[in-house]
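# Structural overview for review
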Amino acid sequence: MAKNSFIRFAETLMIKKEMRVVSITVRLMITDCTGTIYFTDMQLQDGDQLTGYTVHTSKMLTKMQENGQPVPPRHYNGVVRTAETVILFNLGKTSAGLDCYIYPIQDMAAGSIELSQGVGAHKVKFLDPVNAGDELALKASTRQCLKNGSQTPKDGFYQYSAAWDSKHTVKLEERKSARVLFEFQEMQEGGDRL
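Overview of the structure.

### Topic: the overall build of the protein
- In terms of helices and strands, the protein carries zero helices and 16 strands.
- Put simply, the protein has 194 residues, and 28% of those count as buried.
- Considering only contacts within the protein whose residues lie at least 6 apart along the sequence, 71% involve residues at least 24 apart.
- Approximately 14,000 Å² of the protein is accessible, and the part contributed by carbon and sulfur atoms is 51%.

### Topic: the environment of Ala83
- By the secondary structure assignment, Ala83 is in strand S5 (residues 83–90).
- For the pair Ala83 and Ser177, spaced 94 residues apart in sequence, the C-alpha separation works out to 8.8 Å.
- Beyond its immediate chain neighbours, meaning those up to four positions away, Ala83 contacts Val170 and Lys171.

### Quick word on unusual backbone geometry
- We note that Asn67 has phi near 55 degrees; this positive angle belongs to a residue other than glycine.
- Inspection of the secondary structure puts Asn67 in the loop between strand S2 (65–66) and strand S3 (69–70).
- Overall, Asn67 belongs to the exposed group, its relative accessible area being 80%.
- Even without being a glycine, Thr82 presents a positive backbone phi close to 65 degrees.
- Counting through the fold element by element, Thr82 comes out in the loop between strand S4 (74–81) and S5.

### Digging into a nonpolar patch on the surface
- Together, Val21, Ile24, Val26, Leu28, Ile30, Ile37, Phe39, Met42 and Leu44 give the surface a local cluster of nonpolar side chains, amounting to about 850 Å² of exposed area.
- One can find Met42 in the segment before strand S1 (61–63).

### Quick notes on the pattern of salt bridges
- Evaluation of the coordinates by the stated rule reveals five salt bridges.
- A salt bridge links Glu114 to Lys125, with the nearest nitrogen and oxygen atoms 3.6 Å apart. Highlighted residues: Glu114 in strand S7 (residues 113–117) and Lys125 in strand S8 (residues 121–126), separated in sequence by eleven residues.
- The exposure class assigned to Glu114 is buried, which follows from its relative accessible area of 16%.
- Notably, a salt bridge pairs Glu173 with Lys176, separated by 3.5 Å at the nearest N-O pair.
- You can call Lys176 partly exposed: its relative accessible area is 22%.
- Where salt bridges share partners, they join Glu114, Lys123 and Lys125 into one cluster.

Cut-offs and rules
- Residues numbered from 1 in each chain as written.
- Predicted model: local features only at pLDDT ≥ 70, side-chain atom pairs only at ≥ 80, totals over all residues.
- Heavy atoms only, no water.
- Helix = DSSP H or I, 4+ residues; strand = E, 2+ residues; numbered from the N terminus.
- Buried < 20%, exposed > 50% of the residue type's maximum accessible area, 1.4 Å probe, protein only.
- Contact = heavy atoms within 4.5 Å.
- Areas by Shrake-Rupley, 256 points an atom, 1.4 Å probe, with all protein chains shown as cover.
- Patch = residues over 30% accessible without salt bridge, like charges linked within 9 Å, V, L, I, M, F, W, Y side chains within 5 Å.
- Salt bridge = Lys/Arg side-chain N within 4 Å of Asp/Glu carboxyl O.

This is the structure:
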């Protein structure tokens, strides 16, 4: 092998589907050789097909800047009754993760609260019932779905704010209301180039 040549190795680990993997230990060993060997980038992924490496967005994006300083996160709030489309203005140069907070004014049944993008894409449904005064938080920034600060189940996707005008549909139980708060950090290009 020529100097400075890199080879990608792949290994498949078979697990029992009904068992949860708690940890994996990887030991890199080379025997019977001379010279210098470098190990770079280790990737573990679920599935039976090898996929390409994708860098994290933090390597390509930075917080939106004004006068050389990052702009603070944007906040939009309102009150929704039964269903409304909320339009958020994201002046960043690209999409950004969206943190959504819902504060029910009345008790609502399990599965009666939904969020979606545009005309219904990227939908998420909260699976537990809620009481008046509860706080539901769907946080793309930390990949958490919380009810009163504790993990709660959801069915669907974390939300994002598209660049410029971003439309979001909030659906509640019929004839019931909730306060809503949306928070996101506007982003721009400016990180490391690939």
